[in-house]
Amino acid sequence: MNYFTSLNKCLLTLLCSTLLLLFSIHTQAQNQSGIIKGQILTEDGKNVQFGTININGKYSIKANKEGAYKFENLIAGSYTLTANITGLASETRTVNLNPGEELVLDFTFAANAESLNEVLVVGNKYAITSRKNSEYISRLPIKNLENSQVYSVVDKELIKEQMALTLEESFRNVPGAAPAKTGAGMPSFFSRGFQTSENFRNGMATYLRTGIDLASVERVETYKGPSSTLFGAQMTSFGGLVNYVSKKPYDHFGGELGYTTGSWDLNRMTLDLNTPIKDAEGLLVRLNVARQTENTFQDQGNNATLLIAPSITYQVSDRLKFTLNADFFSTKGVVAGGWTTAANLGIKSFEDLNLDYRQSLNDNSLVSEQRSTNILLDAEYKISDQWTSQSRYAYGGGSYDDLYIFDFIWQNDNTVDRVLRAFTDEKTARRNFQQNFIGDFKIGNLRNRLVVGVDYLSSYRLTRYDGLGYNGIKVFEPAKLDNLPGTPVIRLEEVLSVLSARKTGQNHTKETTYSAYASDVLNVTDQLLIMASLRVDRYIGDGTTNTVTRATAGNYNQTAFSPKLGFVYQILKDKVSVFSNYLNGFKNIQPRLQPNSELSVFKPQQATQLEGGVKVDLSDKFNATISYYDIEVTNSLRNEPRNGQTFIVQDGTQKSRGLELEIIGKLFSGFNYVASYGYNENEFTNATLNVMGKRAPGTPKNVVNLWASYTIINGKAQGLGLGVGNSYVSDAFLDSANNFTLSSYNLLDATLFYNRPRYRIGIKANNILDEKYWVSDGFYARPQKPSNFMINFTYKF
């Protein structure tokens, strides 16, 4: 007992001694530790609210309402602090902190209080000098004025102001682009006489089976013209391509929580959360989540979506950085049907048909489920001051867990055939690997910016598909528009009964592409630049195998070359440049079996573009691009009748030419605008007789877009603003023979908003004129939303 008493006394004495020692060490450390504090000010001595201060490039804090900041418990040593304010160039200072010192370090920005108010309240959405520079379009660090290719950028500030929710809504800001959507809901648009429905993400391949929610998107980039030289053939259109850039982490804690409600029971919640990981230097994490439910303006239809989009960056050292981006998007609901007409209908537009605009002929039991997944891993290593290695891997996949799409074919004034496309299961995936070496060096006095890369892209598709009612084989009773109550509803149970009797097999399709490319921008002088690029592309198609017949068809290999050439001359350095380009695009064409049982092997279809124009960049005051283009497509397939049989020949051609204009700027403080115009003429110059000289379906001749907004910068109403936009799309044709016209439409939208540092309230009215209009996906047309409204509240932290 005495032994344990003595032991307890010893332990108690040891514990007290340890606590005294720790307290002494802590007190000493406190006495030795230092503080760096200060204010963020404007040049006229005003405090700057909510700026951020970063210390040693690893950790940031926000200044308070008085513009004050403080870093405590710092050990003695050298520190580099960087102050950041949205829309202004950062300020960096390096100081030495002595033991126990309280060091005062103020930052003064070269802006007065009024101009800073404009930046904080209006945002930086039209500061094109920095915003329009893209690391993806040329895979090189070159500015817009140095780039001979035309491209447009829609950034997050404009997206927020317009309260856009989906990718296709952002296309209304792109010169000459007519927004559309595929039958399954993937974003699509028509540009320069061609349609594109594939979308890149951060410059890498996707394989979407859903739409794209803008909650995870930082900016939307559209590159004009055939762009196969750097992006390959499988995903590029001859008219251009879309690259959406995802939101990435930043170096301080922050985020937003938003709620939106509106017409047809729209309910939407969003979360944007960003944080550095304090215990892991250089590790930043961001998460975007969006959940939305909405009914349709038609008598049947609804949709529910969920987005989860995490993003992580890890700055291992000043040379090595890893980035992981992902988004998981799912949608569940009733897919809107597509409308078309029989060839001999004899009616020229939907206005002439006996159709109730709000009638869908669909049924809410036909619920479809769709999913898309994108995962992107980047590793960037700075080899030297002149060379950087960029290793990139992307997985893009999607699935249909039952997808039901009605095609409504108008046979006469009152009879509509109901054909159903049923994808009872489908899985798709693309794996894309790129290795780029990017250099910025001189040979003699000539500056070179060079990228040399290899690209591996593999794709597969597993699909089970049934077309119920095609080829004149009636599966479901036609709808009688003069007696809709007597027309039987097509429910899921009937569809499943038909499908179960068909015993359809699954088709497996696989293809692989190996590519190598090089692109160099050469400064002949400080003002004259030449870009020369070349891609070699080896396509290997393993064909399609059916699980019932066990037969494989369509397997073939093909090699293609894609050159690119561009010239830029800066008339006024960093302000005005003239440019011209030669761009190439190609598409692989599989062999076809002719009526005489011979197998014809074809060359890749080719598109070449010649373009010239002017770019102007006067900081955030005025930015403009005007260009004229001429695109010629060759090696197209067409049908040719011979002795009562139809053969396939490869001498088809198509022409597309036009003019595009984009103007972005600021007339005065608080007033910003973006305006664009696109004019296009296109025709099939050598084709099947019924389309010879005709215009491509879905392509309008004129597209006009305008968005203007004004925000009060000072006073009690600071942050209150109004935005007004108008989009005009001229007539287009629904069919290749140009017999049926989709009428022009004019969309007038407006927003009223109140934007403060901690919250934002927005109200938007869409389609104020209540236009009834249809858009095409190149095959079918779908009615679009009439007049509607949205209300949003966002809390910022």
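Residues numbered from 1 in each chain as written. Predicted model: local features only at pLDDT ≥ 70, side-chain atom pairs only at ≥ 80, totals over all residues. Heavy atoms only, no water.

### Observations concerning the sheet that holds strand β12 (residues 194–196)
Okay, step 1: Strand order in this open sheet of 3 strands is β10-β11-β12, and the pairing throughout is antiparallel. Both outer strands of the open sheet, β10 (178–181) and β12, are each paired with one neighbouring strand and no more. Each strand of the sheet is rotated relative to its neighbour by a mean of 25 degrees, with strand direction disregarded.
Okay, step 2: Bridging between β10 and strand β11 (residues 187–191) involves 4 bridges; their strand directions are antiparallel. The partner of K181 across the bridge, within β11, is P187. (Pairing = 2+ DSSP bridges. Helix = DSSP H or I, 4+ residues; strand = E, 2+ residues; numbered from the N terminus. Axes fitted to C-alpha atoms, helices over the stretch in contact; angles between N-to-C directions.)

### Notes on the confidence of the model for the chain
Okay, step 1: Chain-level statistics for the chain give a pLDDT mean of 91 and a share of 94% at 70 or above.
Okay, step 2: Overall, residues 25–30 carries pLDDT values under 50, and its contacts beyond four positions in sequence, including any with other chains, amount to 1 contact. (pLDDT = per-residue confidence, 0-100. Contact = heavy atoms within 4.5 Å.)

### Digging into the pairing of strand β18 (residues 283–295)
Okay, step 1: Where burial is concerned, the two faces of β18 differ: the one with L284, R286, N288, A290, Q292 and E294 is buried and the one with L283, V285, L287, V289, R291, T293 and N295 is not.
Okay, step 2: Here β18 runs beside strand β19 (residues 302–315); their pairing, made up of 13 bridges, is antiparallel. When the bridges of β19 are listed, L287 appears paired with P310.
Okay, step 3: Between the end of β18 and the start of β19, which pair antiparallel, lie 6 residues, with G301 showing a positive phi angle near 135 degrees. (Buried < 20%, exposed > 50% of the residue type's maximum accessible area, 1.4 Å probe, protein only.)

### Regarding the sheet that holds strand β3 (residues 59–62)
Okay, step 1: Read from one edge to the other, the open sheet built from 4 strands follows the order β3-β2-β5-β6, with strand pairing classed as antiparallel. The sheet is open, and its two borders are formed by β3 and β6 (91–97), each paired with just one other strand. Across the sheet, the axes of successive neighbouring strands diverge by a mean angle of 25 degrees, strand direction being ignored.
Okay, step 2: Relative to strand β5 (residues 77–84), strand β2 (residues 52–55) is paired through 4 bridges, and the arrangement is antiparallel. Within β5, the position partnered with I53 by the bridge is A83.

### Details of the pattern of salt bridges
Okay, step 1: Summed over all chains, the structure comprises 40 salt bridges.
Okay, step 2: Across the pair R421 and D407 runs a salt bridge whose closest N-O atoms are separated by 2.9 Å. Of this pair, R421 sits in strand β25 (residues 415–443) while D407 sits in strand β24 (residues 403–412), and the two are 14 residues apart along the sequence.
Okay, step 3: Across the pair E681 and R695 runs a salt bridge whose closest N-O atoms are separated by 3.7 Å. Remark: R695 occurs in the loop between β38 (671–686) and β39 (702–711) and E681 occurs in strand β38; sequence separation between them is 14 residues.
Okay, step 4: Residue E681 is classed as partly exposed on the basis of its relative accessible area of 28%.
Okay, step 5: A cluster of three or more residues bridged by salt bridges with shared partners is formed by R192, K224, E611 and E660. (Salt bridge = Lys/Arg side-chain N within 4 Å of Asp/Glu carboxyl O.)

### A short note on a nonpolar patch on the surface
Okay, step 1: On the surface, a cluster of nonpolar side chains totalling about 860 Å² of accessible area is made up of L306, I308, I312, L324, F328, I375, L377, Y393, F433, Y456 and Y514.
Okay, step 2: The set of elements that each furnish at least two residues to the nonpolar patch consists of β19, β20 (320–333) and β22 (368–382).
Okay, step 3: As for its position among the elements, F328 is in strand β20.
Okay, step 4: In this structure F328 comes out as partly exposed when scored by relative accessible area, which is 34%. (Patch = residues over 30% accessible without salt bridge, like charges linked within 9 Å, V, L, I, M, F, W, Y side chains within 5 Å. Areas by Shrake-Rupley, 256 points an atom, 1.4 Å probe, with all protein chains shown as cover.)

### With respect to the side chain of Q506
Okay, step 1: Locating Q506 in the fold gives a position in the loop between α7 (492–502) and β28 (507–523).
Okay, step 2: One polar contact links Q506 to H508, side chain to side chain, over a distance of 2.9 Å.
Okay, step 3: Excluding anything up to four places from it in sequence, Q506 contacts D425, L462, T463, R464, T545, N546 and T547. (Polar contact = N/O pair within 3.5 Å; in protein donor to acceptor, adjacent residues only side chain to side chain.)

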